[in-house]
Amino acid sequence: MAAILGGGLGGLSTGYYLLKNNVCNNNNVKLFLLEATNQCGGWVKTIRTKDYLFEQGPRTIRPKGMPGLNTLNMMQDLGLSEHIAPIRSDHPAAKNRMIYVNNTLHMLPSSFRGIFQRNEPFSKPLIYAAFNDWKQPQKEMKDDSIYNFVERRFGKELADYAISPMICGICAGDAKEISVKFLMKTLFEHEQNHGGVMKGLLKSMFTGNLTEELELTELAKSAKEEKWSVYTIKGGLETFPLTLKNYLTDNNVAMHFNTSVKEIEFIDSSVVNLKKDNGEVLTANHIYSTVPAHVLARLVEKQHPKLSTYLNEIPFVTVGIVNLYFDTDKSLITPAFGFLVPPIENRSILGVVFDSCCIPDQKGTVLTVMLGGRWFHEKFGENPAESKLLEVALREIKAILKIDEKPTAYNVSILKRCIPQYVVGHYDRVDSIREYIENNNLPISLVGSSYDGVGVNDVIFSAKTQVGEVCTT
Ligand SMILES: Cc1cc2nc3c(=O)[nH]c(=O)nc-3n(C[C@H](O)[C@H](O)[C@H](O)COP(=O)(O)OP(=O)(O)OC[C@H]3O[C@@H](n4cnc5c(N)ncnc54)[C@H](O)[C@@H]3O)c2cc1C
């Protein structure tokens, strides 16, 4: 009997890979999934009407790299190929990404030629950053913040205007706290092993890269050949967890909704009790925990306070999401993915996504304003009213995009502690957590955005890896 804790994308894909590994069928193992709310999907939530679509959580998925291609393989297997809406590299949403600096929107360079030209707000062409890296001495370190690394190797402007807003866009975090390994592990290794990023890149051109093989489905091949930048799902991303949920139910996985687990009690290396909030106890031989680290910390605290402390050391941030729909004949925005605001600008928003440009089949103008993140409490206090966030979002799009209209429809959500922060030392911390589990023979695997990557692809790939590890032992 195996239990999956949490029905977000991490939990659902764990179920998918357990079924694919024939855990349920061949070994006669029964599988059940426990989800605290009345639905699956976790942070993936879509509000859909005939005119517009509001994504409250993720909206686009990257098709690149092993984890990206792996997700596409899963999508095809689930029969979702026809529902995929790719954004190819020549689409305005792929080419046009902006930052808001000094009261102006600036387009970031999107072509090779662009790095030889001077683009505001940078004072020199970006190619100068490569010269800077060449000249800088190596600094031996185990880990560093991504801001420090980029500032040291490529200069302060790149750290302030490129990396800091990018980190806001990916994890709503502060680049001065986030580990360089979160996004630039290979570049950091080049510095540590070869004395500089450019030197390391040159060496790797001669040594070649060993990449693991992954058999590609037709969908993944199309994404590679047609150079997709990102993709989304027609009708909203929520279709993805719904399809996964149906796949699990069709394959006899027992789904327990409205079932919040309140405590985990390990009996021995192959028996574990899950205590529900109504006092009932379920027993399993192995647990795949996909709930956020701070939730798991609470569940194991009584028996394993040290493990709980490690888990609680992974910080999370709260994000405010304001979706806006303007029923206009003419679009109120220029075609682009949207813009990000570098933290150095000290404004109340992290950025705005131009959904009517990125998501197909929408009427009028649809925008999503993201607020807070690492600075949520500083800007809005502990428990701000949703009306406060709406007011700030409307004020900011009036100032920046000159949109004066009242939205025809809107939705405000405050997503409490929704994104884990991979701060400096994160990867050692996760190793210590897994080491503790192994040393104490605890029958639990850790999946989900708290450990091995914060994006949709990472969560799915981590489910595949963790299931694979248990199945081969
Ligand atoms: C605002 C936002 C925007 C994002 N945008 C993107 C994007 O554009 N592209 C991208 O790739 N990624 C994006 N992400 C990241 C992506 O959404 C996450 O990686 C992914 O959804 C995490 O899935 P998960 O299963 O790990 O966690 P969750 O979605 O948190 O799922 C955990 C589940 O566990 C349940 N649970 C919690 N406690 C208990 C309990 N005690 N008992 C039982 N069940 C419990 C919860 O109800 C939840 O359903 C975004 C995330 C956010 C918040």
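Everything numeric in this text was worked out from a predicted model, so none of it was measured.

A separate point is helix α11 (residues 293–300). Taking burial as the measure, the eight residues of α11 include seven buried ones, the bulk of the element. Ala-293, His-294, Val-295, Leu-296, Ala-297, Leu-299 and Val-300 are the residues of α11 that are buried.

All right, on to the sheet that holds strand β10 (residues 261–268) then. Taken together, the three strands give an open sheet; going across it, the order is β10-β11-β12, and neighbouring strands pair in antiparallel fashion. The sheet terminates laterally at β10 and β12 (281–284), the two strands that pair on one side only. Strand after strand, the sheet turns through a mean of 20° between neighbouring axes, direction not considered. Where β10 and strand β11 (residues 271–276) come together, six bridges link them in antiparallel fashion. Bridging from a neighbouring strand, Ile-264 pairs with Leu-274 of β11.

For the pair helix α2 (residues 65–77) and helix α9 (residues 218–225), the least separation of the axes is 7 Å and the interaxial angle reads 135°. By the angle between their axes, α2 is oblique relative to α9. In this structure, α2 uses Leu-69, Leu-72, Asn-73, Met-75 and Gln-76 to contact α9, whose residues at the interface are Glu-218, Leu-219, Ala-220, Ala-223 and Lys-224. Considering only residue class, the contact of α2 with α9 consists of six nonpolar, two polar and two charged.

This part covers the domain arrangement of the chain. Segmenting the chain into domains produces domain 1 (2–40 + 238–314 + 423–472) and domain 2 (113–207). The centre of domain 1, based on its C-alpha atoms, is set 35 Å off from the matching centre of domain 2. With seven residues of domain 1 at the interface, the matching set in domain 2 holds 11 residues. Summed over both sides, the interface between domain 1 and domain 2 buries roughly 640 Å², with carbon and sulfur atoms accounting for 64% of that surface. Here domain 1 is connected to domain 2 by one salt bridge. Close ionic contact of Asp-428 with Lys-142 constitutes a salt bridge, the shortest N to O distance being 3.2 Å. Where domain 1 meets domain 2, there are three residue pairs in polar contact (both at pLDDT 80 or more).

Cut-offs applied
Residues numbered from 1 in each chain as written. Predicted model: local features only at pLDDT ≥ 70, side-chain atom pairs only at ≥ 80, totals over all residues. Heavy atoms only, no water. Buried < 20%, exposed > 50% of the residue type's maximum accessible area, 1.4 Å probe, protein only. Helix = DSSP H or I, 4+ residues; strand = E, 2+ residues; numbered from the N terminus. Pairing = 2+ DSSP bridges. Axes fitted to C-alpha atoms, helices over the stretch in contact; angles between N-to-C directions. Parallel < 35°, antiparallel > 145°, perpendicular 65-115°, else oblique. Contact = heavy atoms within 4.5 Å. Nonpolar A, V, L, I, M, F, W, Y, C, P; charged D, E, K, R; others polar. Domains from an automatic or database assignment. Buried area = accessible area lost by both parts, 1.4 Å probe. Salt bridge = Lys/Arg side-chain N within 4 Å of Asp/Glu carboxyl O. Polar contact = N/O pair within 3.5 Å; in protein donor to acceptor, adjacent residues only side chain to side chain.

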